[in-house]
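Architecture and fold: a report
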Amino acid sequence: MNKKKKKKISYGRYGYFFIAPFFITYLVFQLWPLINTFYYSTLTYYKRNGREFVDFAGIKNFLNILGMTAGERGYVLSYLKNTLIMWGFNFVPQILVSLLLAVWLTDEKVKVKGTGAMKVIVYLPSVITAASVSVLFKSLFSQYGPITQTLKDWGILSSNFDFMSSVAGSRGLISGILWWMWFGNTTLLLISGVLGIDPGLFEAADIDGATGWKKFRYITLPLLKPIMLYTLVTSAIGGLQMYDIPALFNVPETGLVGLPDDKTTTMAMYIMRLYNSDVGKAAAVSVVLFVITLIVSLILFATMGDSEDRRMKREQRQRRKAGGRL
Amino acid sequence: MSKAKDSYSKSLLHQRIFRMVICIFFCLIALLPFVLLVMNATRDSESIKAGVSLIPSTHLIENWKNLMIKQNGMQITLQKAILNSATITIPGTFLAVYFSALTAYGIHVYDFKFKKFAWAFIMAVMMVPSQISIIGFYRFMLDLKLIDTYIPLIIPTIAAPTVVFFMKQYMESTLSLEMIEAARIDGSKEWHTFNRIILPIMKPAVATQAIFQFIAQWNNLFTPTILLTTDSKKTLPMFVQLLSSNQFRTDYGVVYVGLFVTIIPLVVVYLVLSKYIVAGVALGGVKG
C-alpha cells in the first residue's frame, strides 16, 4: 500500500507536463489579453502626426460609451438592447418548439416514425457557416428577393414593403435566422434530457392514470429544468456575442451599421467598428460585455445551486419531521 | 371492451398522424432554405427576381462561369478561400483535440498538487467567450508582429476548455487506471502510453470533438476578420462577405452558386458523419 502511494507521487510530475501546453497557451493567448483588455479600457489612444499616443483616461471610456459625457452617444445601451431583443425573439420560440419536438420524438406511446432522420435534418442548419446562412436569407428576403416577391404576389405583403427598411422586419428576420439555425440543436439537447429521466416515473404515472399533459407538466418539465436553464444560459452568452448574422445581413458597404437606423447593430459589431480606431473605447465595450456575461453565468450557478440547496434543506426538514414522529 | 380499445387505438393513431405532420413541417422548414438555395443556383437573375420556384432551371453552369469571371478581378477566389480555411482549420482541429486529450489525461490520471485547481480553472473559463479578450489579443499580436499571419488563428486552439471538459468526461467512463498501471509494468513510458494506448481507446471521443472543432473553426468569422488584412489570405466566411458586396449584388444567380459551393464541404461532412454528430450533441447535453 505504502509502496504504491510512493510510486504514484513519483509519477505526479507527468501531470504537470501533460497539462502545461494547455495552461501556457491559455495564459498567453487568453488570460493575458483579457487582463490587457481591462487595462486598455482605462486608456485613451489618439494619433497626432501619424504617431500613436496613449493617455490615462480613468473611466472616461465607460462614460463615453454609456453616453454620459457631452457630445458622445450612448451606443452601448442601444446596441445591448438590439442584441437582447433579437436574441429574445429567437430564444422563446426556440425553446417552445424544441420542447414540443423533444417530447414528441421521445414519446414511447405515440411513436413518431423516422425520428432518426428528423434529428439529422433539424440539426443540419446549425452546422452550416453562419455567414453563408446570413447572406442566403438576405438574398431571399431583400427588396427584389424571391421570397419577398412571392409574398407580394400572394398578397401577404403590401407591394411597397421592404424587410430591409423596416425595423421589425429586419430584426424579425435576424431572430428568425437564429431560430432556424439553433432550434435543432436545442431539440437534441432536450431529447437527451428527456431520455435521462427515469422511465419508472412515467410508468408509475401511467398506472395512476395520468394524462399526457399531466405527465409533461409534473414530470418532464420539472426534471428538464436544469438542462433548460443550461440551454438558456449558453444561448444567452452566445447571443450576447452575436456577430456573423447581423454583420452580414443588413449593413451598408460603408461601415458596420445594422440597418435600418442602427437598429440591428450588436455589441460585437460595435467592438469590430472600434478595434482599430479607438482601442480604449473598444476595450470598454468588451469589459461591459464581460461583466454582463459574468452576471448571466452567475445567475445560472446561483439558481442551480439554490434549487439544489432548497431540495437538500427540504429533505432534511422532512427527515427531521419523520424523525420527530417516530 | 373491445370497442373502447378500438377507439383508444384510433385516437392514438390520430395523435400519431397529427404529430407526424407537425414534426415533418419543422423538418421541411429546416430544409427549405437549402432547397431554395440549390434551385436558385440553377436559375438566371431575372427568374430569381420573379419569385420562389421549386423547379430547377438550366443556368447552373452559366452562373458558375460568371462567378469565375467576376472573381478574377479580385485578390481572392473561392478556391483560394477554401484552401486558406483548410490551412487554418486542419492543424487547428488537430492541436485542439490532441492537447485537450493530453490535458484531460494529465488531470484524470496523475495526482499532483494543483490537480483540483487546474480542473476548477478549466470549468470556470469554459463559459468565457474568446471575443471578450479580442482587443487585448489584437494588440498583443500587433506587438508580436503576427497580424496577417495564420499563427494567431492556429496556435491558441491548443487551449480549448470545452474540449478538455468532454474528453475528461469520456475518460471517467472508459479509462481504467489498472490499464495504465499494466502498461507501466510492461515498461511503457508515460508519453508512449498516452500516444499509443490511450489515444486509440479515446477514438470515439476524439472523432466527435474533432468534428465539432472543425465545424466551429471553419465557420469562424469574427477573429479572422480582425487578424487578416491581406485579401489573398482571407478565409471562406470572409469570402462569403464579399459575395454580398455591390460587385455581386445584382447578379443573383452568381451569389447563389457561390453560397452553394461554400456550404457543400460542410453538408458533405455532416451527412457522412451525422450519426456521430447527433450522438455527440446529445452527449454534450447530458454532461453539460
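Residues numbered from 1 in each chain as written. Chains lettered and ligands numbered in written order. Predicted model: local features only at pLDDT ≥ 70, side-chain atom pairs only at ≥ 80, totals over all residues. Heavy atoms only, no water.

**A look at the environment of K275 of chain B**
- In this fold, K275 of chain B is placed in helix α15 (residues 252–287).
- Along the backbone, K275 of chain B and T208 of chain B are 67 residues apart, and their C-alpha atoms lie at a distance of 10.0 Å. (Helix = DSSP H or I, 4+ residues; strand = E, 2+ residues; numbered from the N terminus.)

**Re the UniProt feature "domain: ABC transmembrane type-1" (unreviewed entry) in chain A**
- Here the UniProt-annotated "domain: ABC transmembrane type-1" (unreviewed entry) positions come out as residues 80–300 of chain A.
- Secondary structure across residues 80–300 of chain A comprises 74% helix and 0% strand; the distance between its end C-alpha atoms is 20 Å. (UniProt positions renumbered as here; feature names shortened; annotations may be inferred.)

**Let's talk about the interface of chain A and chain B**
- Each partner contributes to the interface: chain A provides 93 residues, whereas chain B provides 100 residues.
- Approximately 9,000 Å² of surface area, both sides summed, lies buried where chain A meets chain B, with 76% of it carried by carbon and sulfur atoms.
- When the buried surface of chain A facing chain B is broken down by residue, F18, F22 and F29 of chain A rank first, second and third, together holding 9% of it.
- D107 of chain A is the salt-bridge partner of R19 of chain B, the closest N and O atoms lying 2.8 Å from each other. (Contact = heavy atoms within 4.5 Å. Buried area = accessible area lost by both parts, 1.4 Å probe. Salt bridge = Lys/Arg side-chain N within 4 Å of Asp/Glu carboxyl O.)

**Looking at the confidence of the model for chain B**
- Chain-level statistics for chain B give a pLDDT mean of 86 and a share of 95% at 70 or above.
- Among the scores for the predicted complex, ipTM is 0.86 and pTM is 0.86. (pLDDT = per-residue confidence, 0-100.)

**What to know about the environment of G67 of chain A**
Residue and element names in this part refer to chain A.
- Its place among the elements puts G67 in the loop between α2 (60–65) and α3 (75–106).
- Using a relative accessible area of 31% as the deciding quantity, one classes G67 as partly exposed.
- G67 sits 184 residues away from V251 along the chain, and the two C-alpha atoms are 23 Å apart.
- Beyond its immediate chain neighbours, meaning those up to four positions away, G67 contacts E72, R73 and G74. (Buried < 20%, exposed > 50% of the residue type's maximum accessible area, 1.4 Å probe, protein only.)

**A look at helix α9 (residues 177–185) of chain B**
Residue and element names in this part refer to chain B.
- Among the residues making up α9, those that are buried are I180, A183 and R184. For α9, the angular spread of buried residues about the axis comes to 100°, placing them on one side. Residues E178 and I185 are exposed on α9 and point more than 90 degrees away from its buried face. (Arc of directions from axis to C-beta.)

**Focus: the packing of helix α5 (residues 130–141) of chain A against helix α7 (residues 167–195) of chain A**
Residues and elements named next belong to chain A.
- In contact at an axis separation of 11 Å, α5 and α7 are set at 130° when each is read in the N-to-C sense. Overall, the two elements α5 and α7 adopt an arrangement that is oblique. The element α5 and its partner α7 pack so that their crossing is right-handed. For the pair α5 and α7, contact is made by A130, V133, F137 and F141 and by L173, I177, W180 and M181, respectively.
- Here the contact of α5 with α7 is built from residues that sort into eight nonpolar, no polar and no charged. (Axes fitted to C-alpha atoms, helices over the stretch in contact; angles between N-to-C directions. Parallel < 35°, antiparallel > 145°, perpendicular 65-115°, else oblique. Left-handed = near helix turned anticlockwise from the far one by under 90°. Nonpolar A, V, L, I, M, F, W, Y, C, P; charged D, E, K, R; others polar.)

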